[in-house]
Amino acid sequence: AWLALGVTYHHLDRWQDSIVSCQRALHALTGLDKPLDVASAWINMAISCGTGYAHGAFGASALREGTDYCQQAVAALAELPPGRERNSMEASLYNALGTLHSQTGQWREALVAFQRHFNICQEAGYTSRTGISLNNQGEVYERLGPDYFDRAAEAHRAALAIHRQYGNIYLEFQSLLYLA
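Remember, it's a predicted structure, so these values are computed and weren't measured experimentally.

## Notes on the nonpolar core
When a protein is soluble and globular, its nonpolar side chains tend to lie buried together.
Right, so step 1: By size, the foremost hydrophobic cluster in this structure holds 36 residues, and its most contacted members are Trp42, Met45, Tyr69, Cys70 and Leu93.
Right, so step 2: When contributions to this core are tallied by element, the ones reaching two or more residues are helix 2 (15-29), helix 3 (35-54), helix 4 (61-77), helix 5 (84-103) and helix 6 (107-124).
Right, so step 3: At 8 residues, the largest contribution of residues to this core is made by helix 3.
Right, so step 4: For Met45, the contacting residues outside a window of four places in its chain are Ile19, Cys22, Gln23, Leu26 and Tyr69.
Right, so step 5: Counting residues in hydrophobic clusters, the runner-up holds 7 residues, among them Leu111, Phe114, Tyr148 and Ala152.

Listed below in C-alpha cells is the structure:
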C-alpha cells in the first residue's frame with residue numbers, strides 16, 4: 001500500500017510525500033523476497049527527486065539523492081531473473097538515471113544511461129519506448145555542442161518515425177519541436 005501511495009503522491013505533485021511513502025514501503029518490504037517492489041520503490045524515489053527538482057520543489061542535492069536511489073535500484077534488480085518485468089524496471093531505471101544526469105549537466109553520463117535505456121527497450125521489443133529514448137539522446141547530443149548536432153537530428157528523426165508509427169501525437173509534436 002505504501003508503494004502505491006508513493007506513486008499516487010508523485011502524480012499529485014507531492015514529491016516529498018512520495019519519497020516518504022516509498023521509504024515506508026522499503027521498510028515494510030525488509031526481509032521479504034520482493035526485489036521487483038524494492039526496485040520500484042527506489043526508482044519512484046529517484047523520479048520524484050528529479051521531477052521535484054525540475055519544478056523547483058527541491059534543491060540540487062535531490063539530484064544526488066536520486067542518483068543514489070538509482071544505484072539502490074540496480075542492486076535490487078540484480079536479484080531478479082531475466083525477463084519482461086526486469087526489462088521494464090531496468091528501462092525505467094536508466095531513463096530516470098539519464099534524466100538525473102541531464103539535470104546536473106553530466107551529458108556523457110546521461111547519454112550512456114539513455115543508450116542503455118534504448119538497448120533494453122529495443123531488445124525487449126518496447127518500440128514505443130525507444131522513441132522516447134531517442135528523443136532524450138537527441139537532447140543530450142544538442143547539449144554536447146555543434147559537433148553533435150547531426151547526431152541529435154538523426155536521433156530526433158528516428159524518434160519522430162516511431163512516434164508517428166504508434167500514433168502518439170504528443171511525442172510526435174515534441175520530436176518536431178526538437179527538429180525545428
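## Let's talk about the pattern of salt bridges
Right, so step 1: A complete count under the given rule lists 3 salt bridges for this structure.
Right, so step 2: A salt bridge links Glu90 to Arg86; the shortest N-O distance between them is 3.2 Å. Here Arg86 and Glu90 lie together in helix 5, a separation of 4 residues that amounts to about one turn.
Right, so step 3: Across the pair Arg164 and Glu172 runs a salt bridge whose closest N-O atoms are separated by 3.0 Å.

## Notes on the packing of helix 6 against helix 7 (residues 127-144)
Right, so step 1: It is at 9 Å that the axes of helix 6 and helix 7 come closest, and there the two elements cross at 160 degrees. As the angle between them shows, helix 6 and helix 7 are arranged roughly antiparallel. Pair helix 6 / helix 7 crosses with left-handed handedness. Contact residues: Trp107, Arg108, Ala110, Leu111, Phe114, Gln115, His117, Phe118, Cys121 and Gln122 in helix 6; Arg129, Thr130, Ser133, Leu134, Asn136, Gln137, Val140, Tyr141, Arg143 and Leu144 in helix 7.
Right, so step 2: When its residues are assigned to classes, the contact of helix 6 with helix 7 shows 10 nonpolar, 7 polar and 3 charged.

Definitions and limits used
- Residues numbered from 1 in each chain as written.
- Predicted model: local features only at pLDDT ≥ 70, side-chain atom pairs only at ≥ 80, totals over all residues.
- Heavy atoms only, no water.
- Core = buried A, V, L, I, M, F, W, Y, C linked by side-chain atoms within 4.5 Å.
- Buried < 20%, exposed > 50% of the residue type's maximum accessible area, 1.4 Å probe, protein only.
- Helix = DSSP H or I, 4+ residues; strand = E, 2+ residues; numbered from the N terminus.
- Contact = heavy atoms within 4.5 Å.
- Salt bridge = Lys/Arg side-chain N within 4 Å of Asp/Glu carboxyl O.
- Axes fitted to C-alpha atoms, helices over the stretch in contact; angles between N-to-C directions.
- Parallel < 35°, antiparallel > 145°, perpendicular 65-115°, else oblique.
- Left-handed = near helix turned anticlockwise from the far one by under 90°.
- Nonpolar A, V, L, I, M, F, W, Y, C, P; charged D, E, K, R; others polar.

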